[in-house]
Each structure stands twice: as structure tokens, then as C-alpha cells.
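Summary of the model geometry
Listed below, chain by chain, are the residues.
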Amino acid sequence: MDPSPPTPVYSHSITPLTTPSTLPPLKTNLNASHLLPRTLTLYPFLASLAQHLDHTDLSSLASTCQQAHTNLSPYRTSLLSLSLQCIHAGHPASAARPPCTRDLVRPCTTCHAPLCRNCKTKPRAPAPHTRFRRLCTPCRRSPEVLKTAPRCKCADDAWICRACCSAQGRADEAYRVRCGAWAAAREGFRVQGGAARVGCARGRAECVGMEGQEGQEGYDDEEEEEEVEEEEGTVEEWDLESLQGMGYSEGRRREGRWVQWHGSVDLNKEALGEYRGVCSWCEGITLSLVDEQREREREEREGRGV
């Protein structure tokens, strides 16, 4: 009798079914225990926070993570109603001024009042080129000024209300007249009421050129300047008493070291980037072309890890 055939041997085995005990554990929602999402569940805190945020800010906050969206969703309607409003909200709209919006509200650069995108004023030319104030030579050259003073961004993103735009326009014109009076006096012209010297725009407290000179008037910048004497026969006059009526309120008491003037009354050196200056709208530092080049070189070195 023939023997029974051998039992075939398979090279693979059947994988047993996965049981619930062997399933991978669910990922823990770490954001649920994070301090910020937990804080977003407190309505009093949210109501206070919403008063400082516009609709875009609230949407960005809710988009930070799923837990933040979950916590903010139940309060969506009330938070939107409490969000930051333009200072002109509630005023009737007209053809000249569209209704206020709440999706983009930012503080005015000068007065810091909340202002929506429909109510901001775009300064007319040449206003962006007349907003500069001159620095003394030490403040123009010191690298410490760039480390401590805020930077001006008005050239690319000016956000200013109508009232401030008008007031700044008068102040800019008054500063130009004052600078022109001092430049004219240095050239020998007769200045009615006297020519007030122009001090550093950073002010006495922050001026680098006034360090160690507390209680003294701003001394001449790099060179001794002779007092200007009135000359007979000079017909051109400058009335400095009209400066306050034009909106100029920067007193000499607050100014720093005297600045240099070489006949330029339009601040072209600051507008063209030859000099570092100060913006009268935001009181930030406007960089010169040399400053911008050094900033780019520094960023390149940091990018290379040097």
C-alpha cells in the first residue's frame, strides 16, 4: 500500500487579525492643556481682548490651532460685535467718505486713534518728502541710534487720519520755513525777529551729541559758527512769529545739539537717502542709503552664520 503523500509546507503564515488591544494609541491633543487655549475659554478675558483686535486679528487668532478655533467658535457673534472700531464709526457715510469697516483697523501713526482702512488719508505729494527732520552729526553716524530708536515705515505704509495729516502738513511747512530762515541768516540775510537755530530732532534727552552737556545750550556742530549780523541794504526778511500760526510747536528747549545747514532748506539729503533723519509723522528713524547697505550686509552675514 502506497504511503500517504507528505503534508505540504508553506513558506508564509497567516497574520492574525489586529485586536483592539493592539491598536496604536490616539495622539494626545497637546493644545488642549496649553495655557493659551485654556485662557481662550474665559469669556471675560476674551471680551477684553476683542476690544483691541479687528475682525482680521480675531480670524487669525482662531486659525492658530484647532483647539483655539473650538474655544472661540461659541463666542463668535459677541466677539465680532466687541471688536475694535474706527474712531469715525457711527458717522453717516457720504460720497467723500465710505462707511467704516472693521476688518482692518489700525492706530493712526501720529495720534494713535483707531482708524479703519476707509478713513485713513493718503498724504498728497510732496508731503512724504517734507516729513523729515534733521539730526546732528553724532546722531547721524552713531550705530547706537539704530539699535535703540524705532524705524520709520511711513514711506511704504503710512496710516494717518485726516486731522493729523493737515496738522503735520502745517508743522512740516513751519519747520521748512524755520530751516530756511536759519540758512538765510547764515548767508547774511536780515531775518526779522531773529533766526532760531535748528537743533537735533531726537531731542535733548536722546541726542547723542548732548551727552555730558546737561544744562547747556546745543553747541555748534563740528565747526564754530559766527553770529550773523544784520547788514544794511538787505531786503529779504523772514517773519518767525508766524511759525506758531502755521502749526510749529517744537520749542528750542526740547531740541538737542545744533545741526548743520549748508543752504539746503528742503531736506533733500534726507529725502534722497544721503542723510539719516527723523520722520515727523511717527518719530521713527529714516535710514540713509549707507544704513540700508549695512543692514543688508549684516543680514547676509547672519544668514551665513558668520
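As shown above, the structure is provided for reference.
Presented here is a report on the structure given in the accompanying data block.

Conventions adopted
Residues numbered from 1 in each chain as written. Predicted model: local features only at pLDDT ≥ 70, side-chain atom pairs only at ≥ 80, totals over all residues. Heavy atoms only, no water. Buried < 20%, exposed > 50% of the residue type's maximum accessible area, 1.4 Å probe, protein only. Helix = DSSP H or I, 4+ residues; strand = E, 2+ residues; numbered from the N terminus. Arc of directions from axis to C-beta. Contact = heavy atoms within 4.5 Å. Polar contact = N/O pair within 3.5 Å; in protein donor to acceptor, adjacent residues only side chain to side chain. Phe/Tyr/Trp six-rings, centres within 6.5 Å; stacked < 30°, edge-to-face > 60°. Lys NZ or Arg CZ within 6 Å of the ring centre and 35° of its normal. Core = buried A, V, L, I, M, F, W, Y, C linked by side-chain atoms within 4.5 Å.

Taken together, the buried positions of helix 3 (residues 55–62) are Leu-58, Leu-61 and Ala-62. End-on view of helix 3: buried residues confined to an arc of 95 degrees, all on one side of the axis. Contacts made by the buried residues of helix 3 are with helix 2 (43–50), helix 4 (66–72) and helix 5 (76–82). Sitting at the head of helix 3, Asp-54 places a side-chain oxygen 3.2 Å from the backbone nitrogen of Thr-56.

What follows deals with the packing of aromatic side chains. Taken as a whole and assessed by the stated rule, the structure comprises one aromatic pair. Ring centres of Tyr-43 and Tyr-75 lie 5.2 Å apart, and the angle between their planes is 45 degrees; this geometry places the pair in the tilted category. Taken together, the residues Tyr-43 in helix 2 and Tyr-75 in the loop between helix 4 and helix 5 connect sequence positions 32 residues apart. Under the relative-accessibility criterion, Tyr-75 is labelled partly exposed at 25%. When the ring centre of Tyr-275 is taken as origin, the NZ or CZ atom of Arg-140, which lies over that ring, is 3.9 Å away.

Grouped together as the largest cluster of nonpolar side chains are 19 residues, with contacts concentrated most on Cys-139, Val-198, Cys-200, Trp-261 and Ile-285. Those elements that place two or more of their residues in this core are helix 7 (143–148) and helix 9 (162–186). Considering each element in turn, this core owes the most residues, three residues, to helix 9. Beyond its immediate stretch of four places on either side in the chain, Cys-200 contacts Arg-134, Leu-135, Cys-136, Cys-139, Cys-207, Glu-255, Gly-256, Arg-257 and Val-259.

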